[in-house]
Amino acid sequence: MKIEVLGAGCKKCSDVANQIAEVAQQRGAAIELVKVTDMARILDYQVMSTPAVVIDGVVKSTGVVPTADTIAQWLVEGQ
């Protein structure tokens, strides 16, 4: 499962990436976590607010820091 965190590198973007890594580790989920800061790549996803989370090419959230429960649900859906 490839998870991309889109954003300019702000604190919220880092918080999202850290939370995803923590939840994945707790659940034993194998993920590839990538931080995307290139605005051209972010706009390719038609994302206008960050942080955004993209899982296997599908935008899951924009402009918010998802909860641990939400992240866990995404991991279950992706298995």
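So, here is what we can say about the structure in this document. Predicted model, so just to flag it, every value in this text is computed and none were measured. (Residues numbered from 1 in each chain as written. Predicted model: local features only at pLDDT ≥ 70, side-chain atom pairs only at ≥ 80, totals over all residues. Heavy atoms only, no water.)

1. What to know about the sheet that holds strand 3 (residues 52-55)
Pairing is mixed across the open sheet formed by four strands, whose spatial order is 2-1-3-4. With one partner strand each, in any of the chains shown, strand 2 (32-36) and strand 4 (58-62) form the two edges of the open sheet. For this sheet, the mean angle separating the axes of adjacent strands, direction not counted, is 20 degrees. Contacts from helix 1 (residues 11-27) reach strand 1 (2-6), strand 2 and strand 3 within the one sheet, and its direction differs from that of strand 1 by about 160 degrees. Its contacts with the sheet put helix 3 (residues 68-77) on strand 1, strand 3 and strand 4, and the angle it makes with strand 4 is roughly 175 degrees. (Pairing = 2+ DSSP bridges. Helix = DSSP H or I, 4+ residues; strand = E, 2+ residues; numbered from the N terminus. Axes fitted to C-alpha atoms, helices over the stretch in contact; angles between N-to-C directions. Contact = heavy atoms within 4.5 Å.)

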